[in-house]
Amino acid sequence: MESIRPDNTDPISLRPAQNQLGTIMLRFVGLLVVAVAVLAFVYSR
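Owing to the predicted nature of the structure, the values given are computational and were not obtained by experimental measurement.

Participant: Sorry, what's going on with the overall build of the protein here?
Facilitator: Counting its regular elements, the protein contains one helix and zero strands. Relative to its 45 residues, the protein shows a buried fraction of 0%. Accessible surface, the protein: about 5100 Å² in total, of which carbon and sulfur atoms supply 66%.

As structure tokens, then:
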């Protein structure tokens, strides 16, 4: 079985994955804050 190797041996940068993870976390926290605010508003009525 022959191994397949890429033409360039540069390491794969992890920057895009880190940025994407940060965006997902930011959306999650934002939605969590909105949900808590809505529940607090409904509860206070």
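Right, picking up where we left off after that structure.
Participant: Just checking my understanding: could you explain the UniProt feature "transmembrane region" (unreviewed entry) in the protein for this structure?
Facilitator: This chain's UniProt record puts "transmembrane region" (unreviewed entry) on residues 24-43. Across residues 24-43 one finds 100% helix and 0% strand; the C-alpha atoms that close the span lie 28 Å apart.

What counts and what doesn't
- Residues numbered from 1 in each chain as written.
- Predicted model: local features only at pLDDT ≥ 70, side-chain atom pairs only at ≥ 80, totals over all residues.
- Heavy atoms only, no water.
- Helix = DSSP H or I, 4+ residues; strand = E, 2+ residues; numbered from the N terminus.
- Buried < 20%, exposed > 50% of the residue type's maximum accessible area, 1.4 Å probe, protein only.
- Areas by Shrake-Rupley, 256 points an atom, 1.4 Å probe, with all protein chains shown as cover.
- UniProt positions renumbered as here; feature names shortened; annotations may be inferred.

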